[in-house]
Amino acid sequence: MNKGKVGVVDLFCGIGGLSYGLHKVGFDIIAGIDIESSCKYAFETNTGARFVSQDVNSVSANQVNGYFRGYDFRVLAGCAPCQPFSTYSHTNRNKKKEQYSLLSQFGRLVESVKPEIVTMENVTQIAQFKKMPVLENFVETLSRNGYRIDVRNVYCPDYGIPQTRKRLVLVASRIGDIHLIPPTHTPDQYVTVRESISHLPPIKSGEKCEKDPLHQARRLSPLNLRRIKATPENGSWKDWPEDLRLECHKKGSGAKFGSVYGRMDWDAPAPTMTTQCTGLGNGRFGHPDQDRAISVREAAILQTFPNDYKFVPDGEDYSITKVSRQIGNAVPPRLGEITGESIIRHLQEYGRI
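This text gives an overview of the structure that appears in the document.

Looking at the side chain of asparagine 46
For step 1, the next point in the chain: By the element assignment, asparagine 46 lies in helix 2 (residues 40-47).
For step 2, the next point in the chain: A distance of 2.7 Å separates a polar side-chain atom of asparagine 46 from the backbone oxygen of alanine 42.

Here it is, written out as structure tokens:
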């Protein structure tokens with residue numbers, strides 16, 4: 001970029017996946033805002049920006065305008081927590097209405113601040129959730145305030161992300177028409193599990209790598225160790241002898257969970273990294289040939305975080321459960337890069353940079 005200073009404020013920033021990707025293409029990350037204070041270390045250490053621990057409901061337009069002071073082009077970005085719109089949550093009766101209001105709070109700030117660019121990422125189910133049409137309302141708010149909008153479902157392998165994650169990505173601009181850049185990879189170019197994590201040293205169940213404490217796998221019980229040993233690459237519990245199967249798998253209703261306790265395929269993208277992606281019984285999260293679930297570092301790399309991304313201070317003990325949840329909730333940094341490249345192309349087309 002040769003002219004025009006682009007600044008980003010990241011709502012619901014988490015550990016910084018979206019911000020890291022936007023920073024990598026040359027944007028200034030001014031601040032990240034998130035109610036989860038445990039994300040502060042990872043966000044600030046890797047993006048170099050300020051972390052603000054605050055509920056988005058209490059964030060004011062004056063506050064955001066203050067962050068943007070001095071920037072030619074303002075990008076308001078965010079990924080509102082998506083659990084209320086997930087497939088699982090559709091059957092969970094304990095939903096809280098305030099969870100659905102987070103995207104409307106994003107819309108409130110857009111309407112007040114009117115940044116030049118807005119970008120939002122979420123689960124694809126948000127577009128089909130008709131009981132509370134929060135996406136439709138958000139898009140209507142943008143349109144009413146003069147934004148041109150591109151919103152689409154993205155299959156992450158199409159953009160070099162080594163997992164079969166599907167996400168809804170929105171980019172909007174008050175400058176003119178804006179579009180997400182075309183896919184960068186064809187199916188024969190998809191990044192595989194082997195290309196992503198095979199360089200890491202082998203570890204055993206429950207073991208932590210001496211050189212990288214984040215390369216740590218959960219300890220398996222003796223029974224689950226027998227199960228993973230009975231599972232071939234890209235296989236699952238369906239390959240086990242009868243005596244190793246769970247009772248639920250012996251029922252007709254359990255047959256639909258074919259990926260549970262499964263191993264990944266070396267030569268294909270990984271499944272979607274969820275908040276429980278380091279647990280063997282939570283999906284196809286078994287290592288392709290080592291007798292364990294994937295490590296925290298492997299999950300991060302499959303989310304396209306770089307090998308040296310810092311999640312906790314050096315030498316500090318950490319909770320595998322907590323860091324895995326942070327990784328699963330994050331926007332893949334590569335998707336942040338794609339969004340940033342789309343914004344750069346847009347600004348160049350209109351002669352702004």
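The discussion continues.
Re the nonpolar core
For step 1, the next point in the chain: Ranked by size, the top nonpolar core spans 62 residues in total, and within it Ile15, Phe27, Met264, Met273, Phe311, Val323 and Ile327 carry the most contacts.
For step 2, the next point in the chain: Contacts of valine 323, omitting those with residues within four sequence positions, involve Leu214, Val296, Phe311, Val312 and Tyr318.
For step 3, the next point in the chain: Core analysis: the second largest hydrophobic core is formed by 33 residues, Ala61, Phe106, Ile126 and Tyr147 among them.

A look at the packing of helix 3 (residues 61-68) against helix 5 (residues 102-113)
For step 1, the next point in the chain: Across the interface, helix 3 lies against helix 5 with an axial gap of 9 Å and an inter-helix angle of 65°. Classified by chirality, the crossing of helix 5 by helix 3 is right-handed. Every residue of helix 5 that contacts helix 3 at Ala61, Val64, Asn65 and Phe68 is listed here: Leu109, Ser112 and Val113.
For step 2, the next point in the chain: Its residues assigned to classes, the contact of helix 3 with helix 5 comprises five nonpolar, two polar and no charged.

A closer look at helix 6 (residues 134-144)
For step 1, the next point in the chain: Along helix 6, the residues classified as buried are Val134, Leu135, Phe138, Thr141 and Leu142. Down the axis of helix 6, the smallest arc covering the buried residues is 120°, so these residues share one side.

Focus on the sheet that holds strand 5 (residues 117-123)
For step 1, the next point in the chain: Spatially, 3-2-1-4-5-7-6 is the arrangement adopted by the seven strands of the open sheet, whose pairing is mixed. The open sheet has two edge strands with one neighbour each: strand 3 (50-53) and strand 6 (148-155). When the angles between neighbouring strand axes are averaged without regard to direction, this sheet yields 15°.
For step 2, the next point in the chain: Bridge analysis of strand 1 (residues 6-11) against strand 2 (residues 28-34) gives five bridges, and the strand direction is parallel. Considered in strand 2, the bridge of valine 9 is made with alanine 31.
For step 3, the next point in the chain: Contacting strand 1, strand 4 (73-78), strand 5, strand 6 and strand 7 (166-173), helix 11 (residues 333-349) crosses the sheet at an angle of about 25° to strand 7.

Notes on the pattern of salt bridges
For step 1, the next point in the chain: Throughout the structure, instances matching the rule amount to 16 salt bridges.
For step 2, the next point in the chain: Salt-bridge contacts for glutamate 44 lead to lysine 40; the nearest nitrogen and oxygen are separated by 3.2 Å. Of this pair, glutamate 44 and lysine 40 both sit in helix 2, four residues apart, which is roughly one turn of that helix.
For step 3, the next point in the chain: For the salt bridge of arginine 152 with aspartate 150, the shortest nitrogen-to-oxygen distance reads 2.7 Å.
For step 4, the next point in the chain: With a relative accessible area of 30%, arginine 152 lands in the partly exposed category.

Here we look at the environment of phenylalanine 138
For step 1, the next point in the chain: With respect to the helices and strands, the residue phenylalanine 138 is situated in helix 6.
For step 2, the next point in the chain: C-alpha of phenylalanine 138 to C-alpha of serine 104: the two residues are 34 residues apart in sequence and 6.5 Å apart in space.
For step 3, the next point in the chain: For phenylalanine 138, the residues in contact, after removing those within four places along its chain, are Leu103, Phe106, Gly107, Val118, Met120 and Leu170.

Conventions used here
Residues numbered from 1 in each chain as written. Predicted model: local features only at pLDDT ≥ 70, side-chain atom pairs only at ≥ 80, totals over all residues. Heavy atoms only, no water. Helix = DSSP H or I, 4+ residues; strand = E, 2+ residues; numbered from the N terminus. Polar contact = N/O pair within 3.5 Å; in protein donor to acceptor, adjacent residues only side chain to side chain. Core = buried A, V, L, I, M, F, W, Y, C linked by side-chain atoms within 4.5 Å. Buried < 20%, exposed > 50% of the residue type's maximum accessible area, 1.4 Å probe, protein only. Contact = heavy atoms within 4.5 Å. Axes fitted to C-alpha atoms, helices over the stretch in contact; angles between N-to-C directions. Left-handed = near helix turned anticlockwise from the far one by under 90°. Nonpolar A, V, L, I, M, F, W, Y, C, P; charged D, E, K, R; others polar. Arc of directions from axis to C-beta. Pairing = 2+ DSSP bridges. Salt bridge = Lys/Arg side-chain N within 4 Å of Asp/Glu carboxyl O.

Don't take any of this as a statement about function, it's just geometry.
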